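# Fold and geometry: a report
What follows is the residue order along each chain.
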2 protein chains.
Amino acid sequence: MARVSLKDLARHLGVAEGTVSRALNNYPDISEATRAKVRAAADELGYRPNPTARRLATGKAEAVAYFMPTSRSAISTPFVSQLLQGLGDALAKRSWDLLVVQPNSAEEELETLRKLVSSGKVSGVVLSRPAKVDARIDFLRKSGFPFIVHGRAKDASDYAWFDIDSESAFVSAVDHLCALGHQRIGFVGAPTYQNFVQDRLNGYKKGLQANGLPYAPDLVSVAELTDEGGERASFDLLSQPNPPTALLCVNDVQAIGALAAIRAKGLTPGKEVSVIGYDGIWMGRHANPPLTTMAQPQAHSGRELGDMLLSIIDGGNPKDFQILRQAEMVRRKSDGPVWVEQPHVQKILGRNEHE
Amino acid sequence: MARVSLKDLARHLGVAEGTVSRALNNYPDISEATRAKVRAAADELGYRPNPTARRLATGKAEAVAYFMPTSRSAISTPFVSQLLQGLGDALAKRSWDLLVVQPNSAEEELETLRKLVSSGKVSGVVLSRPAKVDARIDFLRKSGFPFIVHGRAKDASDYAWFDIDSESAFVSAVDHLCALGHQRIGFVGAPTYQNFVQDRLNGYKKGLQANGLPYAPDLVSVAELTDEGGERASFDLLSQPNPPTALLCVNDVQAIGALAAIRAKGLTPGKEVSVIGYDGIWMGRHANPPLTTMAQPQAHSGRELGDMLLSIIDGGNPKDFQILRQAEMVRRKSDGPVWVEQPHVQKILGRNEHE
DNA sequence: CTTGTCACCGAAAGCGCTTTCGGAATAGCG
DNA sequence: CGCTATTCCGAAAGCGCTTTCGGTGACAAG
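What you see is a predicted model; the values in this text were computed from it and never measured.

Relative orientation and spacing of two packed helices are given, respectively, by the angle between their axes and the distance between those axes. Residue and element names in this part refer to chain A. Close contact between helix 1 (residues 6-13) and helix 2 (residues 17-24) brings their axes to 8 Å; oriented N to C, the two are set at 105 degrees. Judged by the angle between their axes, helix 1 and helix 2 are roughly perpendicular. Listed contacts from helix 2 to Leu6, Lys7, Leu9, Ala10 and Leu13 of helix 1 are Glu17, Val20, Ser21 and Leu24. Its residues assigned to classes, the contact of helix 1 with helix 2 comprises 6 nonpolar, 1 polar and 2 charged.

What follows is about the protein's contact with DNA strand C. The full set close to DNA strand C counts 27 residues, and Leu6 and Tyr27 of chain A together with Thr19, Arg22 and Thr34 of chain B are the nearest of them. The sugar and phosphate moieties of DNA strand C supply 63% of its atoms located within 4 Å of the protein. In the environment of DNA strand C, a phosphate oxygen lies 2.9 Å from a nitrogen or oxygen atom belonging to the side chain of arginine 54 of chain A. In the model, a phosphate oxygen of DNA strand C is placed 2.4 Å from a nitrogen or oxygen of the threonine 19 of chain B side chain. Looking at the surface near DNA strand C, the elements with two or more residues in it are helix 2 and helix 4 (51-58) of chain A together with helix 2 (17-24) and helix 4 (51-58) of chain B.

Okay, the side chain of aspartate 97 of chain B next. Looking at where aspartate 97 of chain B falls in the secondary structure, it is placed in strand 2 (residues 97-101). Of the polar contacts made by the side chain of aspartate 97 of chain B, one reaches the side chain of lysine 121 of chain A; its length is 2.9 Å. Engagement of the side chain of aspartate 97 of chain B in a polar contact is seen with the side chain of arginine 55 of chain B, the distance being 3.1 Å. Non-local contacts of aspartate 97 of chain B, meaning those with residues more than four positions away in its chain, are made with Leu99 and Lys121 of chain A together with Arg55, Glu62, Ala63, Val64 and Leu91 of chain B.

Okay, the protein's contact with DNA strand D next. Around DNA strand D there are 26 residues in total, and Thr19, Arg22 and Thr34 of chain A together with Leu6 and Tyr27 of chain B lie nearest to it. Within the side chain of serine 21 of chain B, one N or O atom sits 2.5 Å away from a phosphate oxygen of DNA strand D. A distance of 3.0 Å separates a phosphate oxygen of DNA strand D from a polar side-chain atom of arginine 54 of chain B. Put simply, the parts of the chain that give the surface near DNA strand D at least two residues each are helix 2 and helix 4 of chain A together with helix 2 and helix 4 of chain B. Taken together, the residues of the surface near DNA strand D break down into 11 nonpolar, 9 polar and 6 charged.

Moving on: helix 3 (residues 32-45) of chain B. Between its first and last C-alpha atoms helix 3 of chain B spans 20 Å; for 14 residues at 1.5 Å apiece the expected length is 20 Å, and the two agree. Buried residues in helix 3 of chain B make contact with helix 1 (6-13) and helix 2 of chain B.

Further remarks concern the sheet that holds strand 10 (residues 292-295) of chain B. Residues and elements named next belong to chain B. Read across the sheet, 6 strands follow the order 7-6-8-9-10-12 without closing on themselves; strand pairing throughout is mixed. Strands at the two margins of the open sheet, each flanked by one partner only, are strand 7 (220-222) and strand 12 (328-330). This sheet shows a mean twist of 20 degrees between the axes of neighbouring strands, independent of strand direction. In terms of strand pairing, strand 8 (residues 246-249) meets strand 9 (residues 274-279) through 3 bridges, oriented parallel. If you follow leucine 247 over to strand 9, its bridge partner there is valine 275. Contacts between helix 9 (residues 195-210) and the sheet are confined to strand 6 (185-189), strand 7, strand 8 and strand 9, with strand 6 contributing the most and set at about 175 degrees to the helix. Running over the sheet, helix 10 (residues 227-238) touches strand 6, strand 7 and strand 8 and is turned about 150 degrees from strand 6.

This paragraph deals with the domain arrangement of chain A. Residue and element names in this part refer to chain A. Domains assigned within chain A are domain 1 (6-49), domain 2 (63-164 + 299-325) and domain 3 (166-295 + 329-348). One C-alpha centre belongs to domain 2, the other to domain 3; they are set 31 Å apart. Linking domain 2 with domain 3 are 1 salt bridge, by the criterion used here. Close ionic contact of arginine 152 with aspartate 199 constitutes a salt bridge, the shortest N to O distance being 3.9 Å. Counting across the domain 2 and domain 3 interface gives 7 residue pairs in polar contact (both at pLDDT 80 or more).

Glancing now at the pairing of strand 1 (residues 63-67) of chain A. Residue and element names in this part refer to chain A. Burial analysis of strand 1 places 5 of its 5 residues in the buried class, which makes it a mostly covered element. Here strand 1 shows a buried face lined by Ala63, Ala65 and Phe67 and a second buried face lined by Val64 and Tyr66. In this sheet, strand 2 (residues 97-101) lies alongside strand 1 in parallel orientation, the contact comprising 5 bridges. Opposite alanine 65, over in strand 2, you have leucine 99 as the bridge partner.

Calculation notes
- Residues numbered from 1 in each chain as written.
- Chains lettered and ligands numbered in written order.
- Predicted model: local features only at pLDDT ≥ 70, side-chain atom pairs only at ≥ 80, totals over all residues.
- Heavy atoms only, no water.
- Axes fitted to C-alpha atoms, helices over the stretch in contact; angles between N-to-C directions.
- Helix = DSSP H or I, 4+ residues; strand = E, 2+ residues; numbered from the N terminus.
- Parallel < 35°, antiparallel > 145°, perpendicular 65-115°, else oblique.
- Contact = heavy atoms within 4.5 Å.
- Nonpolar A, V, L, I, M, F, W, Y, C, P; charged D, E, K, R; others polar.
- Near = heavy atom within 4 Å.
- Polar contact = N/O pair within 3.5 Å; in protein donor to acceptor, adjacent residues only side chain to side chain.
- Expected span 1.5 Å × (residues − 1).
- Pairing = 2+ DSSP bridges.
- Domains from an automatic or database assignment.
- Salt bridge = Lys/Arg side-chain N within 4 Å of Asp/Glu carboxyl O.
- Buried < 20%, exposed > 50% of the residue type's maximum accessible area, 1.4 Å probe, protein only.

Here's what the structure looks like:
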């Protein structure tokens, strides 16, 4: 079971170590004959190069890191698992390694990243959930170190990213609600240092404008990105003298909280008050009522992120790697025509479930 | 910004490289005076040893791997994120690295693991979701390579693991249902190659026995570990001539499917039919109705796994590291007294919500 | 003053690979 | 057949660290 080293292999073949190395690495100055011989012996003896030694000699890390988002929101982020899986797939093609690194705290975030970059342990980094202006991105951009972001910061012009166009998703959501007759649409959101929150808020505003509705600051409420947060924010909105008839939520988790708030108000979500979420989390369909949402396609985002990062490490221009995907509405039971007392009005505006 | 190497530092100090190295690594044969000098110079120049070179020289990987479970179930496993975070915390104390590796397919699982172990990239492995008899564990056990398992295989005597006692959790769940008057308790489960499924089924059986109830094979239904799976299995159970009055589900995801099945049958979950899940996933409280479940304490499982693995790598005996935690019932609205037509019976047996 | 004993450090040999450089053998050319 | 151009491989120098080994100087003991 003892590992066979390059030296062993060379001795076994009666050639120099360098020759074996070059043969295995497809150098042009090795004859086909010996290359074949070396290859044969290599997998006969089960030779596997020592990655550490290789890394030291070449100076290449053959690994990338996923930089964990600091969990400001208590919700454990289930998307991480999928993302890692995709990244792993992408890296597997070169048999590179995937490191997971996380800062001890939000304050040490930058320091951790700096250390990581200068450690030489990895040749690229992927970041998640950028802040509106994100120190990590600034640092990486300046340093010239290869990286890619899952999401976008406010200024996303000159680096690589993969994102879902949540802004236009929210525009469509507003359109949809307006088409159902809603005039007072609330936005339950979160602090906007996370850029995706800002994006969605922008979409909300644009949507209102496009439909000739005024933007009323008292219709947007801010809370944590949790179910309780969504519930609280929604409850506040609904407690106003002239409450909204529909709630657009920054994500599904909050939307599910919103449903609870509506019920707590003695109203029926999907009837008296519509709610639309964003994300397309699995649980949405089991909410009460099943949640209408803007679902983001994130099946292969990890894979795509990985491929892009590899291309950048290979020398590609980061600006050439910016992908924006569209979300898609999956309509369930939490939205409906604006509520009026006369029941016949409801028959005018249809509802359907497609999934 | 150029990295300063040990050589640079040595030259700067006018001493030999070896001296610097030993000083920094607290060798006893270095005087306090020069040790201090070296340390000072080191962090003045911002010296950070090159981990790759260090690994090569010492032969120690200073890293462990989390071996991803192959996703047989489509549900992305949200616990992975938490677990990685905990592992990362544990490793951070030594500033070791955390690798995530995944096999390309279930078939290549063993081969991937074998390669990982022999690559020298890591000095320990953590596994998740063992099968009843798990080839990965057998291999690792034989090889003597340090590892720890999140969960247990059937025979868990001679290796390290961290698990939740789901068997006794299911016993308690049965007890609970019996106390509510249920006599026909269904088990909605999954194929038992995953050992935790077997454990829970065992708990179910033991619970029945303890309560003097017969084990009826037609009351257990097997399906995938998804919501649809749970729904299908539950629907089948409820379609029997003499259907169960309560459903015990192997996990919360299936339980949520069970709720849907009950509603599809025109019945009210928590009233006509009780259901209890297992896991304590966050979404349970927003199910319709809120799900009663056996919640497992997994807050720091990653951390504990990491610490244990490190101890084993340090030479500890794996058998000394076996931790079994207890799950705890969190009662919500999906369970209740067995349904009978006379309403007064229900008042006898109480219900409450504590969370 | 000599010898032995430590405390301390320099020198050097790796760790297992890559990669440059130069030289021997062969081929191509007139 | 002599000379240059190729082809192919061996030798050796790293990569940046660790660790053993041996040696120097100081100091105590005799």
